[in-house]
Amino acid sequence: MARQKLVPGDYYEIPLEAGYSALGQMLSVEKEALNAVACAFWATIEEDPISQLGKSPISVLLITPDLIKSGVWKALGNASISVPENMRTYEQFRANRWIGAKVIGSGIVRKFLNAFNGLQYWDSWANPKYLESLLAPGIPVPREAVFKQAPNHSMQPTVPLRGPAPDFEGYA
């Protein structure tokens, strides 16, 4: 895969499990925040991603740029950024030179998007509510979420996964 440059406004197809894809858009490059990039994410990619970029994203995060630079997240084009400032919760750390800001690994973002689409378990983390912290303000846990442990704490999944059984080992 060809290396890609980091260009704010670029939007990407993010490959998920079972042939699904999500959409991401780079909002800014934040070198002072551990060389992170700010990105917004949508659960799926629609036929017209440009109009989709005008809708509210499910998540807005500072992330590592490795899967963008390597071309795993394929750049589809560049478009104006319409994600409102109030969804960019990381901005509260800018004035204090990013102290306290969290940078999320791009591989974790892919796992989050898989779980949002019911392709991996939502609660398979050490903190079963971890993925909730990655949601944009006001975005609830999706109806498609599949829980590893039923609410009564039985060991049976609540519903079957939408795709093949998840492979949590070595997933990037």
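To start, this report covers the structure provided alongside it. Every value quoted in this text rests on a predicted model; they were computed, and no experiment measured them.

1. Side note on the layout of surface pockets
Taken as a whole, the largest pocket encloses approximately 310 Å³ of empty space. Looking at the largest pocket, it is lined by 18 residues, and the ones nearest its centre are Val60, Leu61, Thr89, Lys102 and Ser133. A per-element tally of the lining of the largest pocket places strand β4 (residues 59-63) first, with four residues. Of the residues belonging to the lining of the largest pocket, the class tally is 12 nonpolar, five polar and one charged.

2. Points about the pattern of salt bridges
All told, the structure shown has four salt bridges when counted by the stated rule. In this structure, Arg88 and Glu85 form a salt bridge, with 3.5 Å as the shortest nitrogen-oxygen distance. Note on Arg88: relative accessible area 12%, which makes it buried. Residues joined in a network through salt bridges with shared partners are Glu30, Glu91 and Arg94.

3. Re the packing of aromatic side chains
Across all of its chains, the model carries six aromatic pairs by this definition. Pairing Phe41 with Trp73 gives two aromatic rings, centres 5.9 Å apart and planes at 85°, and the pair type is edge-to-face. Of this pair, Phe41 sits in strand β3 (residues 36-42) while Trp73 sits in the loop between α2 (66-69) and β5 (74-78); the two residues are 32 residues apart in sequence, bridging distant segments of the chain. Of the residues examined, Phe41 reaches a relative accessible area of 0% and is grouped as buried. Among the aromatic residues, those joined into a cluster by ring pairs are Phe112, Phe116 and Trp122.

4. A few points about unusual backbone geometry
Residue Leu34 is not a glycine yet carries a positive backbone phi of 55°. On the secondary structure map, Leu34 appears in the loop between β2 (21-30) and β3. When its relative accessible area of 74% is taken as the criterion, Leu34 is described as exposed. Notably, Trp98 is not glycine yet its phi reads approximately 70°, a positive angle. Structurally, the position occupied by Trp98 is in the loop between β5 and β6 (103-104). Accessibility expressed as a relative area gives 8% for Trp98, which makes it buried.

5. Here's the deal with the sheet that holds β2
Strands sit in the order β5-β1-β2-β3-β4-β6 across an open sheet of six strands; the sheet is mixed. The outermost strands of the open sheet, each flanked by one partner alone, are β5 and β6. Relative to β2, strand β1 (residues 10-15) runs antiparallel, the two being bridged by five bridges. Looking across to β2, one finds that Glu13 is bridged to Leu23. Most of the contacts of helix α3 (residues 106-116) go to β4, to which it runs at about 160°, and overall it touches β1, β2, β3, β4 and β6.

6. Regarding the nonpolar core
Ranked by size, the top nonpolar core spans 27 residues in total, and within it Phe41, Ile63, Trp73, Phe112 and Leu113 carry the most contacts. Listing elements by their share of this core, those giving two or more residues are β1, β2, β3, β4, α2 and α3. Per-element accounting of this core gives the leading share, five residues, to α3. In contact with Phe41, other than residues within four places in its own chain, are Ile14, Leu23, Gly24, Pro57, Ile58, Ser59, Leu61, Ile63, Trp73, Val109 and Leu113. By size, the runner-up hydrophobic cluster in this structure holds 17 residues, among which are Leu27, Ala33, Val60 and Val83.

7. Side note on the side chain of Asp123
Relative to the helices and strands, Asp123 resides in the segment after α3. Comment: no salt bridge for buried Asp123; closest opposite-charge side chain is Lys148, at 7.2 Å. Within the structure, Asp123 has its side chain in polar contact with the backbone nitrogen of Lys148 (distance 2.5 Å). Here Asp123 is in contact with Pro128, Val146, Phe147, Lys148 and Gln149, once residues within four sequence places are set aside.

What counts and what doesn't
Residues numbered from 1 in each chain as written. Predicted model: local features only at pLDDT ≥ 70, side-chain atom pairs only at ≥ 80, totals over all residues. Heavy atoms only, no water. 1 Å grid on protein atoms, 1.4 Å probe; cavity = no way out; pocket = protein on both sides within 12 Å on 5 of 7 lines; lining within 4 Å. Points joined across faces, edges and corners; volume = space filled by probe spheres on them. Helix = DSSP H or I, 4+ residues; strand = E, 2+ residues; numbered from the N terminus. Nonpolar A, V, L, I, M, F, W, Y, C, P; charged D, E, K, R; others polar. Salt bridge = Lys/Arg side-chain N within 4 Å of Asp/Glu carboxyl O. Buried < 20%, exposed > 50% of the residue type's maximum accessible area, 1.4 Å probe, protein only. Phe/Tyr/Trp six-rings, centres within 6.5 Å; stacked < 30°, edge-to-face > 60°. Pairing = 2+ DSSP bridges. Contact = heavy atoms within 4.5 Å. Axes fitted to C-alpha atoms, helices over the stretch in contact; angles between N-to-C directions. Core = buried A, V, L, I, M, F, W, Y, C linked by side-chain atoms within 4.5 Å. Lys, Arg positive; Asp, Glu negative; His and termini not counted. Polar contact = N/O pair within 3.5 Å; in protein donor to acceptor, adjacent residues only side chain to side chain.

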